[in-house]
Amino acid sequence: MLPPLGLVTVAAILPQDWEFKLVDRNVGEVTPGEWEWADLVILSAMIVQKEDLLQQIQEAKRRGKRVAVGGPYATALPHEVMEVGADYLILDEGEITLPLFVAAIAQGEASGIFRSNGERPDVTTTPVPRFDLLEFDAYAEMSVQFSRGCPFQCEFCDIIVLYGRKPRTKAPNQLLQELSRLYELGWRRSSFYGG
C-alpha cells in the first residue's frame with residue numbers, strides 16, 4: 001500500500017551527485033541489470049522483512065557488491081545483518097549517521113558501524129524525500145512523515161526504542177514543500193500522514 005519512505009528520505013540525505021535506483025522488494029524483483037548497475041547496495045527493512053533482507057545481503061555479496069544496511073531491523077538487531085555479510089551498518093536516524101557513512105566512503109573505508117550515540121536529529125532539517133525514485137503506480141497511498149517519536153507506551157510497538165518518547169515534528173513549511181513536490185511529480189491520490 002505504502003512506499004518505502006525511509007529509503008527515499010535516505011536518498012535525499014545522501015550526496016545528490018550520487019546516482020540512485022530504488023527497488024522496492026514489496027512490489028518487484030531486482031533485475032540482473034540493476035544488480036550489475038550498482039556499485040553499492042543500500043538496504044533497509046522492518047523486522048517482518050527480515051528473511052528477504054538477509055537473502056538480499058547474501059545475493060549482493062555473492063555478486064561482489066559492497067552492502068550498507070540501516071533501518072529498524074538493523075538498528076534493533078545489528079549482529080544479524082553483520083553475520084550475513086553487511087559491510088556498513090548505518091544505524092539509528094540517518095540525518096546523523098548517513099553523513100558519518102558518507103565520510104567513511106570518501107576516505108576509502110571498506111566497512112564501518114555508524115551510530116548516533118543517543119542523539120536525536122532535528123527533523124526540521126530533513127530534506128524533501130526523493131519521491132521521484134518511486135513508481136507511483138505501485139502504491140495505493142503516498143507516505144508523508146510529520147513527526148518521529150511517541151509519548152505512549154504501547155507494549156507491541158518499538159517506535160520509542162527507535163525514535164524516543166519525545167515527538168519531534170517537521171515544520172509546516174516542510175510539509176508543504178513535500179506535498180508540492182508530490183503534486184509536481186503528478187501524485188493525485190490519497191496520502192498517509194504519520195510519525
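In what follows, the accompanying structure is described.

Calculation criteria
Residues numbered from 1 in each chain as written. Predicted model: local features only at pLDDT ≥ 70, side-chain atom pairs only at ≥ 80, totals over all residues. Heavy atoms only, no water. Helix = DSSP H or I, 4+ residues; strand = E, 2+ residues; numbered from the N terminus. Rg over C-alpha atoms; globule rule 2.2 N^0.38 Å. Buried < 20%, exposed > 50% of the residue type's maximum accessible area, 1.4 Å probe, protein only. Areas by Shrake-Rupley, 256 points an atom, 1.4 Å probe, with all protein chains shown as cover. Lys, Arg positive; Asp, Glu negative; His and termini not counted. Charge placed at Lys NZ, Arg CZ, Asp CG, Glu CD. Salt bridge = Lys/Arg side-chain N within 4 Å of Asp/Glu carboxyl O. 1 Å grid on protein atoms, 1.4 Å probe; cavity = no way out; pocket = protein on both sides within 12 Å on 5 of 7 lines; lining within 4 Å. Points joined across faces, edges and corners; volume = space filled by probe spheres on them. Phe/Tyr/Trp six-rings, centres within 6.5 Å; stacked < 30°, edge-to-face > 60°. Disulfide = S-S within 2.5 Å. Pairing = 2+ DSSP bridges. Axes fitted to C-alpha atoms, helices over the stretch in contact; angles between N-to-C directions. Contact = heavy atoms within 4.5 Å. Polar contact = N/O pair within 3.5 Å; in protein donor to acceptor, adjacent residues only side chain to side chain. Expected span 1.5 Å × (residues − 1). Arc of directions from axis to C-beta.

### As for the overall build of the protein
Assigned secondary structure in the protein consists of eight helices and eight strands. In terms of overall dimensions, the protein is globule-like: its C-alpha atoms have a radius of gyration of 16 Å, near the 16 Å expected for 195 residues. When its C-alpha atoms are laid out on the principal axes, the protein stretches across 45 × 35 × 35 Å. Here the protein holds 195 residues, and the buried ones make up 40% of them. Within the structure as shown, the protein displays about 10800 Å² of accessible surface, and the carbon and sulfur contribution to it stands at 54%. Counting 19 positive and 27 negative side-chain charges, the protein places the centres of these two groups 2 Å from one another.

### Digging into the pattern of salt bridges
Taken as a whole and assessed by the stated rule, the structure comprises 14 salt bridges. Linking Arg-25 and Asp-52 is a salt bridge whose minimum nitrogen-to-oxygen distance equals 2.5 Å. Note that Arg-25 is positioned in the loop between helix H1 (5–13) and helix H2 (32–37) and Asp-52 in helix H3 (residues 50–62), a separation of 27 residues in sequence. Residue classification places Asp-52 among the partly exposed residues on the basis of a relative accessible area of 23%. In this structure, Asp-92 engages Arg-115 in a salt bridge whose closest nitrogen and oxygen atoms are separated by 2.8 Å. Of this pair, Asp-92 sits in the loop between strand E3 (88–90) and helix H6 (94–106) while Arg-115 is found in the loop between strand E4 (112–114) and strand E5 (142–145), placing the two residues 23 residues apart along the sequence.

### Comments concerning the layout of surface pockets
Space inside the second largest pocket adds up to approximately 160 Å³. Forming the walls of the second largest pocket are Leu-22, Val-23, Asp-24, Val-27, Gly-28, Glu-29, Glu-34, Leu-133, Leu-134, Glu-135, Ala-138 and Tyr-139.

### Focus: the packing of aromatic side chains
Overall, the coordinates contain four aromatic pairs when judged by the stated rule. With 5.2 Å between their ring centres and 75° between their planes, Tyr-88 and Phe-101 make a pair best called edge-to-face. Separated by 13 residues along the polypeptide, Tyr-88 in strand E3 and Phe-101 in helix H6 bring together distant segments of the chain. Relative accessible area serves as the criterion here: at 0%, Tyr-88 is assigned to the buried category.

### Remarks on the state of the cysteines
The full count for this structure, using the stated rule, is zero disulfides. There is no disulfide at Cys-150, and the cysteine sulfur nearest it, in Cys-154, is 6.1 Å away. On the basis of relative accessibility, which here comes to 39%, the residue Cys-154 falls in the partly exposed class.

### Some points on the sheet that holds E3
An order of E1-E2-E3-E4 is seen for the four strands of this open sheet, with the pairing classed as parallel. On the outer flanks of this sheet lie strand E1 (40–44) and E4, each paired with one strand and no other. Direction aside, the axes of adjacent strands within the sheet are offset by 15° on average. Across three bridges, the pairing between E3 and E4 is parallel. Bridge assignment links Leu-89 to a residue of E4, and that residue is Ile-113. Taken strand by strand, H6 contacts E1, strand E2 (66–70), E3 and E4, and its axis lies near 155° from that of E3.

### As for the side chain of Gln-174
Position of Gln-174 among the secondary structure elements: in helix H8 (residues 172–184). Judged by relative accessible area, Gln-174 falls into the buried class, the value being 8%. Polar contacts involving the side chain of Gln-174 include one to the main-chain carbonyl oxygen of Thr-126, which spans 3.0 Å. The contact partners of Gln-174, leaving out residues within four places of it in the chain, are Val-123, Thr-124, Thr-125 and Thr-126.

### Details of H3
A rise of 1.5 Å per residue sets the reference length of H3, with its 13 residues, at 18 Å; its end C-alpha atoms lie 18 Å apart and thus fit the reference within 8%. All buried positions along H3 are accounted for by Leu-53, Leu-54, Gln-56, Ile-57 and Ala-60. Along the long axis of H3, the arc covered by the buried residues comes to 160°, so they all point the same way. With respect to the buried face of H3, the exposed residues turned more than 90 degrees away are Glu-51 and Arg-62. Remark: Gly-64 follows H3 within two positions and exhibits a positive phi of approximately 80°.

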